[in-house]
Amino acid sequence: MPPDESPIHPLRRKLRSLPATRRFLLRALRPIMPQVGNLVRWLEAPPYVRWFDLWQQSRPRDDAAIRARLGQALPDEPQPRVLVILSPQRGRAASLVSLTQQVGVEAEIIASPEALSRQAAPGRLLLHVQAGDRLVRHGLAEFVLAARGATRGASRPLVIFADEDTGVGRFRPALPWLKTAFDPDLLLQQAALGRAVAYDTGLLARHGLLGLHGHALMLAATRAALAEAGSQAVQHIPSILLHRKPTRQPAWREETDRAAIQQALAGSGVELLPAHQGYPGVPRLRWPIPASPPLVTIIIPTRDGTALMEACLEGLLHRTDYPALEILVCDNDSQDPRLLARFAEWRRDPQFRVLPCPGPFNYSAINNHAAREAKGEILLLLNNDTEIRHPGWLREMVSHAIRPEIGAVGARLLFPNGRLQHAGTVLGLGGTAGHDMLHSPGRSPGPHDLLHVTRRVSAVTAACLAVRREAFLAVGGFDETGLRVAYNDVDLCLRLRASGLQNLVTPHAELTHKESATRGDDMSPAHRARWEEERATMRARWGEALFTDPYYSPCLALDPPARVLISPPRRLAPWREAEAPPLSPEATT
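For the structure given in this document, a descriptive report is provided here. (Residues numbered from 1 in each chain as written. Predicted model: local features only at pLDDT ≥ 70, side-chain atom pairs only at ≥ 80, totals over all residues. Heavy atoms only, no water.)

Observations regarding the overall build of the protein
1) Next: Helix and strand counts for the protein come out as 20 helices and 22 strands.
2) Next: The 589 residues of the protein split such that 55% are buried.
3) Next: Once local pairs closer than 6 in sequence are excluded, the contacts in the protein between residues at least 24 apart make up 77%.
4) Next: Accessible surface computed for the protein: about 24800 Å², of which carbon and sulfur atoms make up 55%. (Helix = DSSP H or I, 4+ residues; strand = E, 2+ residues; numbered from the N terminus. Buried < 20%, exposed > 50% of the residue type's maximum accessible area, 1.4 Å probe, protein only. Contact = heavy atoms within 4.5 Å. Areas by Shrake-Rupley, 256 points an atom, 1.4 Å probe, with all protein chains shown as cover.)

Shown next, in the form of structure tokens:
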């Protein structure tokens, strides 16, 4: 984490006085000391308060454009009314002022539950505003525009949530909470919608939810919205629309309600476990598996690498508590007599098989061949340079892989030095795709506790990836011709997502990964040309999707490894869209 988010941090001032420092340090030190490059990029990033003033704030000169945008309604479409329930605690006056200063939309304060019940109707929005919280002056306008933003004939969003920050002021650093697309898994572990949320009052009335608030309302309303209108029923506005009053708890933990989570899980078979010692304040869920667990085929490509295979196999055979697995080692022309001898020993175990895969190394073809030969209902793709860290890792991954809505499941992977190697892949990071929060401290919770929760992501690495065999084969497996070595896992995840499945990563399956210990570095002279071809294939195939990752804020830069604010963001307010830069296939360095 950065040492301080103050807008006048002296290190930032010093670095900005030396324009050549950033480029030199990033190029010279980042390959060998990623944390240094991370720190330098944070120091040069714009301070949050200034960034907010440039890209998130509206001023009187914007009022005409805001009102014009609001006036672009369909002929038969009334202007949505916005109802507000304002809590009576201290700070109410500041909240009222922010509501009276809204541009283009008037808020109607609801004084009683009876009044809310009388005025609830489809198309009307309801916001619960905590005393002391302040909406930005165009906040209601953004909610109204989002509420009617769907094209004619498409379902309209019924729950809309936006980004927020905490403690804007001279003497307290501002803490932005940049959210992602709606993630029902995340919502079961934290009050992930925050306080900047608008609900369709017709939805709440139909399902008897007008009396709920907080996390309980988030859980019940999103479930009802998804049941009525599908995935588009819950929409995220990636813009700061609310200033939250300072509190002792982080915003993403403050309203987490274990009782509401328990009620939402009733009858699902999912257990809400006591808070884990290493994850304070973060609920832990355990998804069920059948009494007769599905067979898992663990697929491990290798060419020699005897020591790596021994370490990997020792953990699989002796430190994994899952009862139904087979190990399918794909031997790509190994010559080491020690490894061939070990193969003979391991074959005595009925769980172990060797599948010959001769010829030039083609990771995609090897895994596709193994998938066709696998006996298991679940495929677990595993690199030979991984080591098991705890016995329950495979049960955790299988419990998610068998969920019908889930495609690929990724694990939390650590470098041998204990720092983070993988906790999900971000599209567009580094120009195509890259690992999120790379090299973070191993025990860090990450921003908004994201490294301590199971969450949905666009892609995960095949270094440790679980997927149902039928789902893998249904999308055609890996691309054997265009993506022989690199990006085949990202491409697979995107095709799974295109088929209607969601990918997720869990921190409760943790392994050590000695990245590229076998195949080598893609940036080496021997591999660079092949890697460039595969990157070009990805860009041609997926285009803009690579730069619009729904699980990564458009307010954050796509330069690895740090999550830092970008100027300008990739998404601006609707009345400022002409100022947005075009999406670029190149990361800025």
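Quick look at unusual backbone geometry
1) Next: Cis geometry is found at the peptide bond from S567 to P568, where omega equals -10°.
2) Next: Structurally, P568 can be placed in the segment after helix 20 (528-542).
3) Next: A positive phi angle, near 70°, is found at H439, a position not held by glycine.
4) Next: Looking at H439, the relative accessible area reads 17%, which means it is buried.

Observations regarding the packing of aromatic side chains
1) Next: Tallying each qualifying case throughout the model produces ten aromatic pairs.
2) Next: Taking 6.2 Å as the distance between ring centres and 55° as the angle between the ring planes, the aromatic pair formed by F343 and W346 counts as tilted. With F343 and W346 both in helix 15 (residues 337-346), this residue pair falls three residues apart, about one helical turn.
3) Next: Owing to a relative accessible area of 2%, F343 belongs among the buried residues under this scheme.
4) Next: For the ring pair F343 and F352, a centre distance of 6.3 Å and an interplane angle of 40° mean the geometry is tilted.
5) Next: Through pairs of rings, three or more aromatic residues link up here, namely F361, Y363, F472 and F478.
6) Next: For the cation-ring pair, K179 lies above W177, with the distance from its terminal atom to the ring centre recorded as 4.7 Å.
7) Next: Sitting over the face of the ring of W287, R403 holds its NZ or CZ atom 3.7 Å from the ring centroid. (Phe/Tyr/Trp six-rings, centres within 6.5 Å; stacked < 30°, edge-to-face > 60°. Lys NZ or Arg CZ within 6 Å of the ring centre and 35° of its normal.)

A short note on empty space enclosed by the protein
1) Next: Overall, the coordinates contain six cavities of 30 Å³ or more when judged by the stated rule.
2) Next: Computed from the structure, the largest cavity encloses a volume of approximately 160 Å³.
3) Next: For the largest cavity, the lining is made up of 19 residues, of which W177, K179, T180, L186 and A192 are closest to its centre.
4) Next: Here the residues of the lining of the largest cavity are counted per class, giving twelve nonpolar, four polar and three charged. (1 Å grid on protein atoms, 1.4 Å probe; cavity = no way out; pocket = protein on both sides within 12 Å on 5 of 7 lines; lining within 4 Å. Points joined across faces, edges and corners; volume = space filled by probe spheres on them. Nonpolar A, V, L, I, M, F, W, Y, C, P; charged D, E, K, R; others polar.)

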